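Given next are the chains, with one letter for each unit.
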Amino acid sequence: ETVAALRAQIGDKKVILGLSGGVDSSVAAGLLSRAVGKQLTCVFVDQGLMRKDEGDFVEKTFTSLFDMNFVRVNCQERFLQALKGVTDPEQKRKIIGTEFFNVFWDEIRHQDELGYFAQGTIYPDCIESGKGDADTIKTHHNKVKMPEDVQFLGLVEPLCDLFKDEVRKVGTMLGIPKELVWRQPFPGPGLGVRILGEITADKIRVLQEADWVLRDEMAKNGYEKEMAQFFCVLPCVKTVGVMGDHRTYDHLVAIRAVTTDDFMTADWARIPYDILATVSNRITNEVEHVNRVVYDITSKPPGTVEWE
Ligand code: XMP
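The residue numbering used here restarts from 1 in each chain and proceeds along that chain's sequence as written. Under the rules for a predicted model, residues below a pLDDT of 70 receive no local features and side-chain atom pairs below 80 are neither given nor counted, while totals for whole chains, interfaces and linings still include all residues. Computation of side-chain values: all heavy atoms of the structure, hydrogens and water removed.

Novice: Would you take a moment to explain helix 4 (residues 76-83) for this structure?
Specialist: Because an α-helix packs 3.6 residues into every turn, residues spaced three or four apart end up facing the same way. Those residues of helix 4 not exposed but buried are Phe79, Leu80 and Leu83. Projected down its long axis, helix 4 carries its buried residues within an arc of 100°, all on one side. Helical segments are the DSSP runs of H or I of at least four residues, strand segments are the runs of E of at least two, and each set is numbered from the N terminus. A positive backbone phi angle near 80° is found at glycine 85, which sits one or two residues after helix 4. Here's how the labels work: a residue is buried when its accessible area is under 20% of the maximum for its type, exposed when over 50%, partly exposed in between, all with a 1.4 Å probe on protein chains only. Of all possible arcs, the one meant is that of the directions from the helix axis to the C-beta atoms.

Novice: Quick question: what am I supposed to make of the environment of arginine 183 here?
Specialist: Positionally, arginine 183 belongs in the loop between helix 8 (178-181) and helix 9 (201-220). The exposure class assigned to arginine 183 is buried, which follows from its relative accessible area of 10%. Residues arginine 183 and phenylalanine 117 lie 66 residues apart in sequence; the distance between their C-alpha atoms is 24 Å. Apart from residues lying up to four places away in sequence, arginine 183 is in contact with Ser20, Gly21, Gly22, Val23, Glu54, Arg168 and Lys178. We define a polar contact as two N or O atoms separated by no more than 3.5 Å, with the added condition that, inside protein, one atom must be a possible hydrogen donor and the other a possible acceptor, whereas residues neighbouring each other in sequence contribute only through side-chain atom pairs. Engagement of the side chain of arginine 183 in a polar contact is seen with the backbone oxygen of glycine 21, the distance being 2.8 Å. Contacts are residue-level and defined by heavy atoms, with any inter-residue pair within 4.5 Å sufficient.

Novice: I would appreciate a short explanation of the sheet that holds strand 3 (residues 69-74) in the present structure.
Specialist: With parallel pairing, five strands are arranged side by side in an open sheet as 3-2-1-4-5. A single partner strand is all that each edge strand has here, and the edge strands are strand 3 and strand 5 (155-156). As judged from the four bridges shared by strand 1 (residues 14-19) and strand 4 (residues 115-118), these two strands associate in the parallel manner. Its bridge partner being in strand 4, leucine 17 is matched across the sheet by alanine 118. Where helices are involved, their axes are fitted lines through C-alpha atoms of the stretch in contact, as for all axes, and angles between N-to-C directions lie from 0 to 180°. Sheet strands in contact with helix 2 (residues 23-36) are strand 1, strand 2 (40-46), strand 4 and strand 5, and its direction is about 160° off that of strand 1. Strands were regarded as paired on the criterion that DSSP finds at least two bridges between them.

Put into C-alpha coordinates, the structure is as follows:
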(Lines give C-alpha, C1' and ligand atoms only; values in the text may rest on other atoms or scores of the structure.)
Protein backbone atom coordinates (compact mmCIF):
# COMPACT_ATOMS: atom_id res chain seq x y z
CA GLU A 1 0.00 0.00 0.00
CA THR A 2 2.75 2.41 0.91
CA VAL A 3 4.64 1.73 -2.32
CA ALA A 4 1.49 2.41 -4.32
CA ALA A 5 0.78 5.56 -2.32
CA LEU A 6 4.34 6.79 -2.84
CA ARG A 7 4.07 6.20 -6.60
CA ALA A 8 0.80 8.09 -6.69
CA GLN A 9 2.19 10.99 -4.68
CA ILE A 10 5.53 11.30 -6.47
CA GLY A 11 4.39 10.50 -10.01
CA ASP A 12 7.25 11.08 -12.44
CA LYS A 13 8.97 13.67 -10.23
CA LYS A 14 12.23 13.41 -8.32
CA VAL A 15 12.52 12.77 -4.58
CA ILE A 16 15.45 13.34 -2.27
CA LEU A 17 16.13 11.72 1.10
CA GLY A 18 18.78 12.28 3.75
CA LEU A 19 20.12 8.85 4.62
CA SER A 20 21.84 8.43 7.98
CA GLY A 21 22.27 4.67 7.96
CA GLY A 22 19.88 4.39 10.90
CA VAL A 23 16.93 2.03 10.75
CA ASP A 24 14.35 4.67 9.88
CA SER A 25 16.02 6.43 7.01
CA SER A 26 17.25 3.08 5.64
CA VAL A 27 13.74 1.65 5.53
CA ALA A 28 12.37 4.88 4.07
CA ALA A 29 15.07 4.64 1.38
CA GLY A 30 14.15 1.01 0.67
CA LEU A 31 10.46 1.84 0.28
CA LEU A 32 11.14 4.83 -1.92
CA SER A 33 13.54 2.85 -4.06
CA ARG A 34 10.93 0.13 -4.50
CA ALA A 35 8.36 2.79 -5.44
CA VAL A 36 10.26 5.08 -7.78
CA GLY A 37 13.79 3.64 -8.36
CA LYS A 38 16.14 6.11 -9.99
CA GLN A 39 13.82 9.05 -9.37
CA LEU A 40 15.15 8.78 -5.80
CA THR A 41 18.38 10.42 -4.71
CA CYS A 42 19.71 9.50 -1.28
CA VAL A 43 22.20 11.88 0.24
CA PHE A 44 24.41 10.26 2.82
CA VAL A 45 26.28 12.88 4.83
CA ASP A 46 29.31 11.21 6.39
CA GLN A 47 30.36 13.62 9.13
CA GLY A 48 33.18 11.31 10.25
CA LEU A 49 31.40 10.67 13.56
CA MET A 50 30.12 7.18 12.88
CA ARG A 51 31.28 3.91 14.39
CA LYS A 52 34.20 2.26 12.63
CA ASP A 53 33.46 1.14 9.04
CA GLU A 54 29.76 2.05 9.26
CA GLY A 55 29.89 4.64 6.49
CA ASP A 56 31.35 2.13 4.04
CA PHE A 57 28.78 -0.47 5.04
CA VAL A 58 25.88 1.89 4.41
CA GLU A 59 27.28 2.89 1.04
CA LYS A 60 27.87 -0.70 -0.02
CA THR A 61 24.41 -1.79 1.05
CA PHE A 62 22.51 0.87 -0.81
CA THR A 63 24.61 0.96 -3.93
CA SER A 64 24.56 -2.82 -4.34
CA LEU A 65 21.02 -3.73 -3.24
CA PHE A 66 18.83 -0.85 -4.31
CA ASP A 67 18.00 1.07 -7.41
CA MET A 68 18.57 4.77 -6.68
CA ASN A 69 21.08 7.58 -7.04
CA PHE A 70 23.37 7.44 -4.04
CA VAL A 71 25.45 10.47 -3.11
CA ARG A 72 27.95 10.19 -0.27
CA VAL A 73 29.35 13.47 0.97
CA ASN A 74 32.50 13.01 3.02
CA CYS A 75 32.85 16.05 5.22
CA GLN A 76 34.72 15.16 8.39
CA GLU A 77 37.03 18.17 7.97
CA ARG A 78 34.12 20.57 7.74
CA PHE A 79 32.61 19.18 10.94
CA LEU A 80 35.91 19.20 12.83
CA GLN A 81 36.42 22.80 11.83
CA ALA A 82 32.93 23.78 13.01
CA LEU A 83 33.45 21.93 16.30
CA LYS A 84 36.90 23.26 17.04
CA GLY A 85 37.16 24.44 20.64
CA VAL A 86 33.51 23.61 21.41
CA THR A 87 32.98 21.70 24.65
CA ASP A 88 29.36 22.27 25.66
CA PRO A 89 27.25 19.17 24.83
CA GLU A 90 24.14 21.03 23.73
CA GLN A 91 26.19 23.37 21.55
CA LYS A 92 27.96 20.39 20.00
CA ARG A 93 24.60 18.81 19.21
CA LYS A 94 23.36 22.04 17.63
CA ILE A 95 26.48 22.51 15.52
CA ILE A 96 26.46 18.92 14.28
CA GLY A 97 22.75 19.13 13.44
CA THR A 98 23.10 22.49 11.71
CA GLU A 99 26.16 21.45 9.69
CA PHE A 100 24.45 18.22 8.69
CA PHE A 101 21.55 20.08 7.20
CA ASN A 102 23.77 22.75 5.64
CA VAL A 103 25.60 20.02 3.73
CA PHE A 104 22.30 18.47 2.83
CA TRP A 105 20.75 21.76 1.62
CA ASP A 106 23.86 22.39 -0.49
CA GLU A 107 23.37 19.05 -2.18
CA ILE A 108 19.77 19.89 -2.88
CA ARG A 109 20.69 23.25 -4.34
CA HIS A 110 22.86 21.32 -6.81
CA GLN A 111 19.97 19.17 -8.03
CA ASP A 112 18.83 20.16 -11.50
CA GLU A 113 15.14 19.59 -10.93
CA LEU A 114 12.62 20.50 -8.26
CA GLY A 115 11.47 17.38 -6.39
CA TYR A 116 9.92 16.06 -3.23
CA PHE A 117 11.69 15.99 0.13
CA ALA A 118 11.47 12.66 1.97
CA GLN A 119 12.05 12.04 5.66
CA GLY A 120 12.28 8.86 7.71
CA THR A 121 10.17 10.28 10.53
CA ILE A 122 8.35 7.53 12.39
CA TYR A 123 5.24 7.96 14.49
CA PRO A 124 6.96 8.64 17.86
CA ASP A 125 9.27 11.22 16.20
CA CYS A 126 6.24 13.06 14.90
CA ILE A 127 4.80 13.13 18.42
CA GLU A 128 8.04 14.14 20.16
CA SER A 129 8.70 16.88 17.65
CA GLY A 130 5.58 18.68 18.66
CA LYS A 131 2.62 17.09 16.93
CA GLY A 132 1.33 15.79 20.25
CA ASP A 133 1.58 17.00 23.83
CA ALA A 134 5.08 15.79 24.64
CA ASP A 135 6.77 18.80 26.19
CA THR A 136 10.31 17.55 26.52
CA ILE A 137 12.17 17.09 23.29
CA LYS A 138 15.84 16.91 22.54
CA THR A 139 17.17 19.04 19.76
CA HIS A 140 17.97 16.04 17.59
CA HIS A 141 14.70 15.05 16.04
CA ASN A 142 14.22 14.94 12.36
CA LYS A 143 11.77 17.77 11.97
CA VAL A 144 13.68 20.72 10.56
CA LYS A 145 13.03 24.14 9.13
CA MET A 146 14.07 24.52 5.53
CA PRO A 147 15.94 27.62 4.32
CA GLU A 148 13.82 29.87 2.13
CA ASP A 149 15.80 29.29 -1.05
CA VAL A 150 15.48 25.52 -0.76
CA GLN A 151 12.22 24.54 -2.39
CA PHE A 152 10.34 21.30 -2.71
CA LEU A 153 7.21 20.08 -4.33
CA GLY A 154 6.17 18.66 -0.97
CA LEU A 155 7.05 16.41 1.92
CA VAL A 156 7.05 12.62 1.75
CA GLU A 157 7.04 10.69 5.03
CA PRO A 158 6.59 6.99 4.28
CA LEU A 159 6.96 5.89 7.94
CA CYS A 160 4.92 8.50 9.78
CA ASP A 161 2.26 6.02 10.93
CA LEU A 162 4.65 3.28 12.01
CA PHE A 163 6.24 2.31 15.29
CA LYS A 164 9.82 1.07 15.38
CA ASP A 165 8.99 -2.64 15.38
CA GLU A 166 6.78 -2.13 12.34
CA VAL A 167 9.55 -0.22 10.59
CA ARG A 168 11.87 -3.18 11.23
CA LYS A 169 9.31 -5.60 9.80
CA VAL A 170 9.01 -3.51 6.66
CA GLY A 171 12.81 -3.30 6.40
CA THR A 172 13.13 -7.08 6.61
CA MET A 173 10.45 -7.53 3.94
CA LEU A 174 12.39 -5.19 1.68
CA GLY A 175 15.56 -7.27 2.04
CA ILE A 176 17.57 -4.69 3.98
CA PRO A 177 20.45 -6.50 5.78
CA LYS A 178 19.79 -7.34 9.43
CA GLU A 179 22.84 -5.28 10.48
CA LEU A 180 20.86 -2.21 9.43
CA VAL A 181 17.35 -3.35 10.34
CA TRP A 182 18.45 -4.35 13.85
CA ARG A 183 20.98 -1.62 14.23
CA GLN A 184 21.19 -0.21 17.73
CA PRO A 185 19.91 3.31 18.17
CA PHE A 186 22.71 5.70 17.36
CA PRO A 187 22.49 9.36 18.28
CA GLY A 188 22.25 11.81 15.38
CA PRO A 189 25.39 13.62 16.63
CA GLY A 190 27.13 10.24 16.60
CA LEU A 191 30.43 9.84 18.39
CA GLY A 192 30.28 13.60 18.93
CA VAL A 193 28.32 12.98 22.14
CA ARG A 194 30.49 10.02 23.15
CA ILE A 195 33.68 12.08 23.15
CA LEU A 196 33.32 14.37 26.12
CA GLY A 197 34.48 17.91 25.58
CA GLU A 198 36.32 19.01 22.45
CA ILE A 199 36.30 16.64 19.48
CA THR A 200 39.46 15.99 17.49
CA ALA A 201 40.35 13.54 14.71
CA ASP A 202 42.73 11.68 17.05
CA LYS A 203 40.06 11.21 19.70
CA ILE A 204 37.60 9.95 17.09
CA ARG A 205 40.15 7.36 15.97
CA VAL A 206 40.84 6.16 19.53
CA LEU A 207 37.13 5.84 20.28
CA GLN A 208 36.33 4.07 16.99
CA GLU A 209 39.06 1.49 17.59
CA ALA A 210 38.08 0.81 21.21
CA ASP A 211 34.40 0.64 20.32
CA TRP A 212 35.16 -1.77 17.49
CA VAL A 213 36.86 -4.18 19.94
CA LEU A 214 33.76 -4.12 22.14
CA ARG A 215 31.47 -4.81 19.17
CA ASP A 216 33.71 -7.61 18.00
CA GLU A 217 33.72 -9.36 21.38
CA MET A 218 29.97 -8.96 21.83
CA ALA A 219 29.37 -10.47 18.39
CA LYS A 220 31.81 -13.34 18.97
CA ASN A 221 30.12 -14.19 22.26
CA GLY A 222 26.60 -13.91 20.89
CA TYR A 223 25.74 -11.02 23.20
CA GLU A 224 24.62 -8.54 20.55
CA LYS A 225 20.91 -9.22 20.94
CA GLU A 226 21.04 -9.46 24.74
CA MET A 227 21.12 -5.74 25.24
CA ALA A 228 19.51 -2.70 23.70
CA GLN A 229 22.69 -0.72 23.25
CA PHE A 230 26.39 -1.09 23.98
CA PHE A 231 29.22 1.23 23.08
CA CYS A 232 32.40 2.91 24.29
CA VAL A 233 32.74 6.44 25.55
CA LEU A 234 35.86 8.59 25.61
CA PRO A 235 35.59 10.79 28.70
CA CYS A 236 38.87 12.49 27.74
CA VAL A 237 40.30 11.84 31.15
CA LYS A 238 43.89 10.69 31.33
CA THR A 239 45.14 8.40 34.05
CA VAL A 240 48.50 7.01 35.05
CA GLY A 241 49.32 3.46 34.09
CA VAL A 242 52.26 1.19 33.54
CA MET A 243 53.34 -0.66 30.42
CA GLY A 244 56.49 -2.79 30.56
CA ASP A 245 59.01 -0.65 32.41
CA HIS A 246 57.32 2.59 31.51
CA ARG A 247 54.87 4.81 33.22
CA THR A 248 52.06 5.88 30.91
CA TYR A 249 49.65 8.77 31.08
CA ASP A 250 46.87 8.01 28.62
CA HIS A 251 43.15 7.82 27.85
CA LEU A 252 40.49 6.14 29.92
CA VAL A 253 37.76 4.36 27.95
CA ALA A 254 34.34 3.68 29.48
CA ILE A 255 32.01 0.90 28.39
CA ARG A 256 28.28 1.61 28.46
CA ALA A 257 25.79 -1.21 27.91
CA VAL A 258 22.09 -1.14 28.76
CA THR A 259 18.97 -3.24 28.71
CA THR A 260 15.68 -1.43 28.22
CA ASP A 261 12.24 -1.71 26.65
CA ASP A 262 11.69 1.91 25.75
CA PHE A 263 14.89 3.90 26.49
CA MET A 264 12.97 6.10 28.94
CA THR A 265 14.38 3.97 31.72
CA ALA A 266 17.25 1.52 31.43
CA ASP A 267 19.34 -0.82 33.51
CA TRP A 268 23.05 -1.43 33.05
CA ALA A 269 23.64 -4.75 31.35
CA ARG A 270 25.22 -7.57 33.35
CA ILE A 271 27.89 -8.50 30.82
CA PRO A 272 29.79 -11.52 32.20
CA TYR A 273 33.10 -10.62 33.85
CA ASP A 274 35.06 -12.89 31.49
CA ILE A 275 33.86 -10.99 28.46
CA LEU A 276 34.60 -7.66 30.15
CA ALA A 277 38.08 -8.93 30.99
CA THR A 278 38.78 -9.85 27.37
CA VAL A 279 37.43 -6.53 26.12
CA SER A 280 39.57 -4.64 28.60
CA ASN A 281 42.72 -6.60 27.71
CA ARG A 282 42.15 -6.18 24.03
CA ILE A 283 41.41 -2.47 24.21
CA THR A 284 44.50 -1.69 26.28
CA ASN A 285 46.68 -3.92 24.08
CA GLU A 286 45.28 -3.08 20.66
CA VAL A 287 44.28 0.55 20.92
CA GLU A 288 47.10 3.01 21.12
CA HIS A 289 46.79 5.70 23.82
CA VAL A 290 44.36 3.79 26.03
CA ASN A 291 45.68 2.46 29.34
CA ARG A 292 42.50 1.98 31.39
CA VAL A 293 38.96 0.66 30.85
CA VAL A 294 36.00 1.14 33.20
CA TYR A 295 32.42 -0.16 33.15
CA ASP A 296 29.47 2.16 33.69
CA ILE A 297 27.15 0.62 36.32
CA THR A 298 24.56 3.39 36.42
CA SER A 299 20.92 2.81 35.60
CA LYS A 300 18.66 5.40 33.94
CA PRO A 301 17.57 7.35 35.89
CA PRO A 302 19.69 8.87 37.29
CA GLY A 303 22.16 8.45 34.40
CA THR A 304 21.14 8.84 30.77
CA VAL A 305 22.19 6.20 28.25
CA GLU A 306 24.57 8.57 26.48
CA TRP A 307 27.11 10.46 28.53
CA GLU A 308 26.46 13.81 26.90
P1 XMP B 1 19.53 9.15 26.62
O2 XMP B 1 21.00 9.47 26.53
O3 XMP B 1 18.66 10.38 26.54
O4 XMP B 1 19.24 8.32 25.30
O5 XMP B 1 19.18 8.27 27.76
C6 XMP B 1 18.05 7.62 25.03
C7 XMP B 1 18.18 7.09 23.62
O8 XMP B 1 18.25 8.17 22.67
C9 XMP B 1 19.49 8.12 21.98
N10 XMP B 1 19.98 9.50 21.85
C11 XMP B 1 19.91 10.24 20.73
N12 XMP B 1 19.43 9.96 19.51
N13 XMP B 1 20.07 12.09 18.77
C14 XMP B 1 19.49 10.88 18.53
O15 XMP B 1 19.07 10.64 17.41
C16 XMP B 1 20.57 12.47 19.98
O17 XMP B 1 21.05 13.56 20.16
C18 XMP B 1 20.48 11.48 21.01
N19 XMP B 1 20.86 11.47 22.30
C20 XMP B 1 20.54 10.25 22.80
C21 XMP B 1 20.42 7.26 22.80
O22 XMP B 1 21.45 6.66 22.03
C23 XMP B 1 19.45 6.28 23.40
O24 XMP B 1 19.16 5.25 22.49
